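Below are the chains, spelled out letter by letter.
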Amino acid sequence: MTHPPAPDGSTTEQAGSDPSDRRGFVTAVVGAAAGAAALAHTSAQAHSGSGSGSGQGDALAALDKQAAKPTSLASPVRVTYLGGPTYLLEIGRFRIISDPGFDPQGTERNEGPGHLLTKVMAPPIPADAIGRIDIALVSHAQHLDNLDNEGRRLLRKVGVTLTTPASAAMNLPGKNVKGLAPWETTVVSNAHGEQLKITAMPAVHTSNPALREIVGEVTGFMLEWAGQTTGAFYISGDTVWIDEINEIARRYKVNAGILHLGAANVPAVGDNFLTMNAVDGVRATKVLGLKNVYPAHFEGWRHFREGAWFIEREFKSAGLADALHMLRPGEATNVTL
């Protein structure tokens, strides 16, 4: 099924839920490179305007100084870390935002007894300066730390939003919002004739089975496109370790991934985590064979329990330090061999 074109000309085409249906796609992403950058310059430029005119232009020009902007699907992917769970991915001419969060520092929401969420980091680039977004990948829409107020506002201008069926039913902004069940696939096309194949990955938002229905449905994503040879790009979403990660590894060759770590916890779930901790991140990296890991969901909100230090320690102890890429907020890098 092909949906009507979004405002930017992108469309989605249902491609079925069978992961063996590759539709001529060669799974891939090209591996990682360190990208040293002037973060202060990025932040200053990003906040220099309201999102139109020189403000937006300066923010995006700052990214171009840090890492090359892709010009085709054969170009190295560009990854920009925006704090919390949020990354900007540029694959060919596609611009993709994951779990958009752009609220100011100090934003709070009480999501129920023992479930107060407080943001403790300002976005390095505001929503109005991020530029055109073709695809939003939303792990889930029920919690502020994965889709905040400014992120929700951004969805009004996004070409296609992909999320869970339950989140798609929450009347999210935007004209092209689609919920994907686990292992379900859609193909998104753009005006340049490029296509991305995106498949929903299994994810579970708490380590306590008794709380899973209350916490709600979440998803991860697998991104594939033609012309790549080294493996797909995985986004875990807000999941704890689940045995289905073994099945993901069986079905896919994966090169790089954004792993939601941080051992997120709120009093309402007791001692249970809402995302993977650093040890589970190492386990997922080994099982999936990830050559390049971009951590997310470990800083920026008060309920994240394990920061960069925990992640770096565990990856180093496991002999995986070279696979780990701890970008600073606002920093961009190309994913290369």
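Residues numbered from 1 in each chain as written. Predicted model: local features only at pLDDT ≥ 70, side-chain atom pairs only at ≥ 80, totals over all residues. Heavy atoms only, no water.

Looking now at the overall build of the chain. Scanning the chain from N- to C-terminus turns up 8 helices and 16 strands. A buried classification covers 60% of the 337 residues belonging to the chain. The contacts in the chain between residues at least 6 apart in sequence include a share of 67% that link residues at least 24 apart. (Helix = DSSP H or I, 4+ residues; strand = E, 2+ residues; numbered from the N terminus. Buried < 20%, exposed > 50% of the residue type's maximum accessible area, 1.4 Å probe, protein only. Contact = heavy atoms within 4.5 Å.)

Moving on, we get to the confidence of the model for the chain. Per-residue confidence for the chain gives a mean pLDDT of 81, with 75% of residues at or over 70. In this model, residues 1-5 is a region of pLDDT below 50 whose contacts with residues beyond four sequence positions or in other chains number 15 contacts. (pLDDT = per-residue confidence, 0-100.)

The next thing to look at is the packing of helix α7 (residues 278-288) against helix α8 (residues 308-317). Following both chains from N to C, one finds α7 and α8 inclined at 45°, their axes separated by 8 Å at the closest point. Taken together, α7 and α8 sit at an angle that is classed as oblique. Along this stretch, α7 crosses α8, giving a crossing that reads as right-handed. Of the residues in α8, those touching α7 at A278, V279, G281, V282 and T285 are F310, I311, E314 and F315. The class makeup of the residues in the contact of α7 with α8 is 6 nonpolar, 2 polar and 1 charged. (Axes fitted to C-alpha atoms, helices over the stretch in contact; angles between N-to-C directions. Parallel < 35°, antiparallel > 145°, perpendicular 65-115°, else oblique. Left-handed = near helix turned anticlockwise from the far one by under 90°. Nonpolar A, V, L, I, M, F, W, Y, C, P; charged D, E, K, R; others polar.)

For the rest of this paragraph, the subject is the pairing of strand β15 (residues 292-296). Buried residues dominate β15, accounting for 5 of its 5 residues. Of the two faces of β15, the one carrying N292, Y294 and A296 and the one carrying V293 and P295 are both buried. Pairing of strand β14 (residues 254-260) with β15, which is carried by 5 bridges, proceeds in the parallel orientation. Paired with A256 across the strands is N292, a residue of β15. (Pairing = 2+ DSSP bridges.)

Now for the pairing of strand β13 (residues 232-235). Both faces of β13 are covered, namely the face carrying A232 and Y234 and the face carrying F233 and I235. Sheet analysis places β13 next to β14, joined by 4 bridges and oriented parallel. Across the sheet, the residue bridging to Y234 is G257, located in β14. With helix α6 (residues 244-251) bridging β13 and the parallel β14, this β-α-β connection has right-handed handedness. (Right-handed = clockwise from strand over helix to strand, strands pointing away.)

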